[in-house]
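Coordinate inspection notes
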Amino acid sequence: MRTAIRFVVAVMVTVLFLFPIYWLFTISFKTPDEIFSYPPVWWPSSFQLSNYTVLFRDGDVITIWNSLVVASVSTVAAMLIGTMCAYAIARFRTGGDHFSIWVLSQRMVPPIVVVFPIFLLYVKLGLVDTYLGLIILYTAFNLPYVVWMMRGYLQEIPREIEESALVDGCTRLQVFTKIVLPLARTGLFATAVFTFVFAWNEFLFALVLTRSAVTTFPVQLTHYFGGQSNFWAKISAMSVLGTVPIFLAVAFLQRYLVRGISLGAVKG
Amino acid sequence: MTQPNVHRHDRRFGYAMIAPAVAIILFIGLFPLIWTLLVSVQNISMIDEDTSFQGLLNYQRLMSDTRFWEALGHTLMFTAVALPLELILGLALALLFLEELPGRPVFVALLVLPTVISPIVAGAAWRLLFDNRFGPINQVISWMAGEPVTILWLNDPNFVYAAILIAEVWQWTPFMFLLLFASLTNVDPSLSEAARIDGAGFWRTLWSIILPVIRPVIVIALLIRGLDLFRIFDVIWALTKGGPGTRTETISIYAYVQGFQQFETSYTAAMAFVIIVILTVLVMAALKRVEIAR
């Protein structure tokens, strides 16, 4: 009996929490008449895709591509540089405790404080509205996360394996690339996916540092909000395109989700 | 654990490995800070490239800028309301799912979804839900009230805070839930079992046994969310852009407006520096009160 009540409550809570997502997704399939009808239509009459084809026809989907380029390249860069740093901290305690705390503290800096001077610097360097400019900033901003998470994963690798490889004549660099990285691959993968998601969802940096050439999809979304003429069809279709990849990533990563979003505080 | 013997060779290797990361973090951590401090004592704006030393002129202006203090007030208000709400609702959800339930992994996997989507997408979804003419929320309220109700959620000063808080709490309660749920399932069940045998009720067991055990996780979750709320920008930008008027402006939004719409370079720099100082003081105060588990 108690389980039955808990189950009903669980269903109700889940429906409540998923309803906004359901609403967003269904609007993307509605016809204009259905979107602007009162009372609102709770279930579209047919799943027509014209709201999506419009995005392709008008070229708006380029912003999804831009997000993909910026998020992937910055993820690879942050993983490379961050994992090297994390390995030194985990194995040699390079820089000591203060160094790793300092790295983590960089994650606390509010983006608005960082982006303002960076913007003025980018204007001078001609990096505004370029892939490179956004990639550098995303790499830098995700670096503390990568270092902190990978430090945790690398500490779990037994030292003895590395010691024996060293005895066998490997250099430190070879141990890192040939022994450590393959052993840490699940941690690498999980951390990379979260880094990608953070970059993919990021808004403020992209708002400031893009004009038209490399506009990312969250910035494009806000362009649709305007006065009375909200492009509801485009808002919903673009939101779905920007959300489905994230849902897929999370579905693959259930096991690492808790550790990933709690900065390693909960091992899950 | 014995401290391993770190050779000089290894030490050099270690420094080489951290060098790129240090260079990049200095680039976003140190350069902006120094630049902000320098420019904040000058007087650069769109009309004036005055780089002469102005002392604390911009800081004085900031002290008497009611719009800034209101923005700070809004920020602290959103934080003060949303943070406990997310914690309590997240804890309630975690307790709901603590005991075995048919389909539990599916529920957990679904409940996580709001937290992982872009805050701009979350804002877009709620914008459509709150729409006064075609949104389902007013429809449901009208249905419950039995008469047509039209609430201008995002324009009416009486409702706009509630609208933003609903969107914010909706998105981040699952975050709290997930962390608390994971740490609760790690708690040894024999602890609460023993308490129950000793006659402690549910609330007593929760308060005296379970919460102290997961306290470090609660502290970290509050810290992560608190820092996020202090710099809240995205969801409010998507919902109201700080409006109506400046009623939902937070410090991040006000700094954006001054820096990128009014082009008050030096003034924004002073504001940015004050934000860093306030943040540092708040974090120090928070860390003083709780010993972070490492």
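Residues numbered from 1 in each chain as written. Chains lettered and ligands numbered in written order. Predicted model: local features only at pLDDT ≥ 70, side-chain atom pairs only at ≥ 80, totals over all residues.

Helix and strand counts for chain B come out as 14 helices and two strands. The C-alpha radius of gyration computed for chain B amounts to 24 Å, which surpasses the reference 19 Å derived for 294 residues by more than 25%, pointing to a less compact arrangement than a globule. Taken over the C-alpha atoms alone, chain B extends approximately 75 × 75 × 30 Å along its principal axes. For chain B, with 294 residues in total, the buried portion stands at 39%. Considering only intrachain contacts with a sequence separation of at least 6, the fraction spanning at least 24 residues in chain B is 67%. (Helix = DSSP H or I, 4+ residues; strand = E, 2+ residues; numbered from the N terminus. Rg over C-alpha atoms; globule rule 2.2 N^0.38 Å. Buried ≥ 20, exposed ≤ 12 C-beta atoms within 10 Å, placed from the backbone. Contact = placed C-beta atoms within 7 Å.)

What chain A contains, in helices and strands, is 14 helices and zero strands. Order of helices (α) and strands (β) in chain A, N terminus to C terminus: α-α-α-α-α-α-α-α-α-α-α-α-α-α. When the backbone C-alpha atoms are referred to their principal axes, chain A occupies close to 75 × 65 × 30 Å. A burial count over chain A gives 47% of its 268 residues as buried. By sequence separation, contacts in chain A at least 24 residues apart represent 74% of the contacts at least 6 residues apart.

Our focus in this paragraph is the interface of chain A and chain B. Opposite the 72 residues of chain A that make contact, chain B presents 75 residues. Per element, the largest residue contribution to the side of chain A that touches chain B is 14 residues, and it comes from helix α1 (residues 2-27) of chain A.

On to the nonpolar core, then. Ranked by internal contacts, the top residues of the largest apolar core, which has 159 residues, are C85 of chain A together with L178 and L179 of chain B. A total of 16 residues in this core trace back to one element, the largest contributor, which is helix α7 (residues 131-155) of chain A. Apart from residues no more than four positions distant in its own chain, L179 of chain B is found in contact with V258, S262 and V266 of chain A together with V217 and A221 of chain B. (Core = buried A, V, L, I, M, F, W, Y, C linked by C-beta atoms within 7 Å.)

Residue and element names in this part refer to chain A. It is the contact of helix α4 (residues 62-92) with helix α10 (residues 185-201), at a shortest axis distance of 9 Å, that shows an interaxial angle of 135°. Taken together, the axis directions place α4 and α10 in an arrangement best described as oblique. Here α4 and α10 pass one another in a crossing that is right-handed. When α4 is examined against α10, the residues S67, V70, A71, S72, S74, T75, A78, M79 and T83 are found in contact with a partner set consisting of L188, T191, A192, T195, F196, A199 and W200. The residue makeup of the contact of α4 with α10, split by class, is nine nonpolar, seven polar and no charged. (Axes fitted to C-alpha atoms, helices over the stretch in contact; angles between N-to-C directions. Parallel < 35°, antiparallel > 145°, perpendicular 65-115°, else oblique. Left-handed = near helix turned anticlockwise from the far one by under 90°. Nonpolar A, V, L, I, M, F, W, Y, C, P; charged D, E, K, R; others polar.)

All right, on to the environment of G169 of chain A then. All names here are of chain A. Of note, G169 is situated in the loop between α8 (159-167) and α9 (172-183). Classification of G169 by C-beta neighbours within 10 Å gives exposed; the count is 7. Spatially, the C-alpha atoms of G169 and T243 are 48 Å apart, while their sequence positions differ by 74 residues.

On to the domain arrangement of chain A. All names here are of chain A. When cut into domains, chain A gives domain 1 (1-48) and domain 2 (59-261). Using C-alpha coordinates to define each centre, domain 1 is positioned 33 Å away from domain 2. Taken together, the contact between domain 1 and domain 2 spans six residues of the former and six residues of the latter. With three residues, the single largest contributor to the side of domain 1 that touches domain 2 is α1. Split into classes, the residues belonging to the side of domain 1 that touches domain 2 amount to five nonpolar, one polar and no charged. (Domains from an automatic or database assignment.)

Attention now goes to the environment of Q48 of chain A. All names here are of chain A. Structurally, Q48 is set in the loop between α2 (32-35) and α3 (50-57). Each C-alpha atom of the pair Q48 and F29 lies 5.4 Å from the other, and the pair is 19 residues apart in sequence. In this structure Q48 touches F29 and T31, once residues within four positions along its chain are discounted.

On average, residues of chain B carry a pLDDT of 89, and 96% of them reach 70 or more. The ipTM, which scores confidence in the relative placement of chains, is 0.92 for this predicted complex, and the corresponding pTM is 0.91. (pLDDT = per-residue confidence, 0-100.)

With the exception of glycine, the majority of residues adopt a negative phi angle, and the majority of peptide bonds are in the trans configuration. Going from G243 of chain B to P244 of chain B, the amide bond is cis rather than trans, its omega being -5°. In this model, L263 of chain A sits at a positive phi of 55°, which is unusual for a non-glycine residue. Although it is not a glycine, F263 of chain B sits at a positive phi angle of roughly 55°. With respect to the element layout, F263 of chain B can be found in the loop between α13 (251-261) and α14 (265-289). Among the residues examined, F263 of chain B registers 13 C-beta atoms within 10 Å and is labelled partly exposed.

The next thing to look at is the environment of I220 of chain B. Assignment of secondary structure puts I220 of chain B in helix α11 (residues 202-230). Between the C-alpha atom of I220 of chain B and that of R133 of chain B, which follows or precedes it by 87 residues, the distance is 41 Å. Leave out the neighbours within four places in its chain, and I220 of chain B touches S262 and A265 of chain A.

Think of an α-helix as turning once every 3.6 residues; residues three or four places apart then point the same way. If you check helix α7 (residues 119-130) of chain B, its first and last C-alpha atoms are 16 Å apart, about what 12 residues at 1.5 Å a residue would give, namely 16 Å. Most of α7 of chain B is tucked away, with 12 of its 12 residues classed as buried. (Expected span 1.5 Å × (residues − 1).)

Following both chains from N to C, one finds helix α6 (residues 111-125) of chain A and α14 of chain B inclined at 145°, their axes separated by 9 Å at the closest point. Note on packing geometry: the crossing formed by α6 of chain A with α14 of chain B is left-handed. Where α6 of chain A abuts α14 of chain B, its residues I112, V113 and F116 of chain A lie against T268, A272, I275 and I276 of chain B. Residue classes in the contact of α6 of chain A with α14 of chain B are distributed as six nonpolar, one polar and no charged.

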